[in-house]
Amino acid sequence: MLTSPLVLAGAGPRGLAALPLAAPRLQSFLALPATAELSDLGARSAEPDQLMAALQSQQGGALVALEEDPGRWLPVGTRWAEVLGAWRQPTLLLIAADDAGNGLAAAYAALLERSAVPLLGLVQWDGSWDGPARSCEGLPWLGGLQPAGSSCASGAEVLVEALKLRWQRFTSF
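Here is what the cut-offs are and how they apply
Residues numbered from 1 in each chain as written. Predicted model: local features only at pLDDT ≥ 70, side-chain atom pairs only at ≥ 80, totals over all residues. Heavy atoms only, no water. Helix = DSSP H or I, 4+ residues; strand = E, 2+ residues; numbered from the N terminus. Buried < 20%, exposed > 50% of the residue type's maximum accessible area, 1.4 Å probe, protein only. Contact = heavy atoms within 4.5 Å. Areas by Shrake-Rupley, 256 points an atom, 1.4 Å probe, with all protein chains shown as cover. Phe/Tyr/Trp six-rings, centres within 6.5 Å; stacked < 30°, edge-to-face > 60°. Lys NZ or Arg CZ within 6 Å of the ring centre and 35° of its normal. Pairing = 2+ DSSP bridges. Salt bridge = Lys/Arg side-chain N within 4 Å of Asp/Glu carboxyl O. Polar contact = N/O pair within 3.5 Å; in protein donor to acceptor, adjacent residues only side chain to side chain. Arc of directions from axis to C-beta.

K.L.:
Just to check I follow, could you spell out the overall build of the chain for this structure?
P.N.:
Counting its regular elements, the chain contains 6 helices and 6 strands. In the chain, the order of α-helices and β-strands from amino to carboxyl end is β-α-β-α-β-α-β-α-β-α-β-α. Looking at the chain as a whole, 46% of its 173 residues are labelled buried. Counting contacts in the chain only where the partners sit at least 6 residues apart, residues at least 24 apart contribute 70% of the total. If you sum the accessible surface of the chain, you get close to 8000 Å²; carbon and sulfur atoms cover 55% of it.

K.L.:
What am I meant to see in the packing of aromatic side chains here?
P.N.:
A full pass over the atoms with the stated rule returns 2 aromatic pairs. Ring centres 5.7 Å apart and planes at 40° place the aromatic pair Trp167 and Phe170 in the tilted group. With Trp167 and Phe170 both in helix α6 (residues 156-171) and 3 residues apart, the pair spans about one turn of that helix. For Trp167, a relative accessible area of 2% corresponds to the buried category. The ring of Trp141 carries the charged tip of Arg134 above its face, separated from the ring centre by 5.9 Å.

K.L.:
Explain the pairing of strand β6 (residues 141-145) here, please?
P.N.:
Every regular strand shows the same layout, with side chains that alternate between the two sheet faces. Among the 5 residues in β6, 5 count as buried, and that is most of the element. Where strand β5 (residues 119-125) and β6 come together, 4 bridges link them in parallel fashion. Across the sheet, Val123 pairs through a bridge with Gly143, a residue of β6.

K.L.:
Honestly, the pattern of salt bridges in this entry has me stumped. Any pointers?
P.N.:
Pairs can form between side chains of opposite charge once their charged atoms are near each other. On inspection of all chains with the given rule, the structure shows 4 salt bridges. The partner of Arg72 in a salt bridge is Glu68, and the shortest N-O contact between them spans 2.8 Å.

K.L.:
Teacher, can you tell me more about the environment of Val160 here?
P.N.:
For Val160, the position within the fold is in helix α6. Residues Val160 and Leu30, 130 residues apart in the sequence, show an inter-C-alpha distance of 6.8 Å. Leaving out residues up to four positions away in the same chain, Val160 has contacts with Phe29 and Leu30.

K.L.:
Please explain the environment of Leu92 as it appears in this structure.
P.N.:
When you line up the elements, Leu92 lands in strand β4 (residues 91-96). You can call Leu92 buried: its relative accessible area is 0%. The residues contacting Leu92, other than those within four sequence positions of it, are Leu6, Val7, Leu8, Ala9, Leu26, Leu120, Gly121, Val123, Leu142 and Leu163.

K.L.:
Could you clarify how one ought to interpret the side chain of Thr78 in this entry?
P.N.:
As for its position among the elements, Thr78 is in the loop between β3 (62-66) and α3 (80-86). Only 2.4 Å separates the side chain of Thr78 from the side chain of Glu82, close enough to count as a polar contact. Filtering out sequence-adjacent residues up to four positions away, Thr78 remains in contact with Arg72, Trp73 and Val83.

K.L.:
Looking at this structure, I do not really get helix α4 (residues 104-114). What am I missing?
P.N.:
In an α-helix, one turn spans 3.6 residues, which is why side chains three or four residues apart end up on the same side. Along α4, the positions that sit buried rather than exposed are Ala105, Tyr108, Ala109, Leu111 and Leu112. Seen along its axis, α4 keeps its buried residues to an arc of 160°; they face one direction. Contacts from the buried residues of α4 go to β1 (5-10), α1 (12-30), α3, β4, β5 and β6. Remark: Ala116 follows α4 within two positions and exhibits a positive phi of approximately 65°.

K.L.:
Would you explain the pairing of β4 in this entry?
P.N.:
With 6 of its 6 residues buried, β4 lies for the most part within the structure. Taking every second residue as pointing to the same face, both faces of β4 are buried, with Thr91, Leu93 and Ile95 on one and Leu92, Leu94 and Ala96 on the other. With 4 bridges connecting them, β1 and β4 associate as parallel partners. Pairing of Val7 across the sheet is with Thr91, part of β4. In this sheet, β5 lies alongside β4 in parallel orientation, the contact comprising 6 bridges.

In structure tokens form, the structure reads like this:
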């Protein structure tokens, strides 16, 4: 399915905190190689463009966690969102369940879209997935993802199928 790297970005402090659990879980459902962090591609002090060049030079699909807030200002005078947009880097946005119904999801989606990031969709981490409520928001929600061993219904199959459709739409242009 994925032929190039896919970035998983966390929205806000709870989204960022969930990345270490959510990224490997999503990676396993997508049958992608071991999850890496963007900083694994080079030294933390490397310029964002150097990291993006290293990321895009990787062959085949991979899920890569952006371990910093996409809205964070970087020393080079830009935000991660702008870097992702400039490199046309396909990105998923991870939203903690506690933030799914408030304005945080809409704010981060708007930031990424304003920065021309190819936003494939939003993924809710943990908690009860309320599809009807999410569909009324007008945001590109893909579904919910539960931690391993969760007693909640998975729903990962629906999320993966929605992601495949978005990925096909993205790559057909």
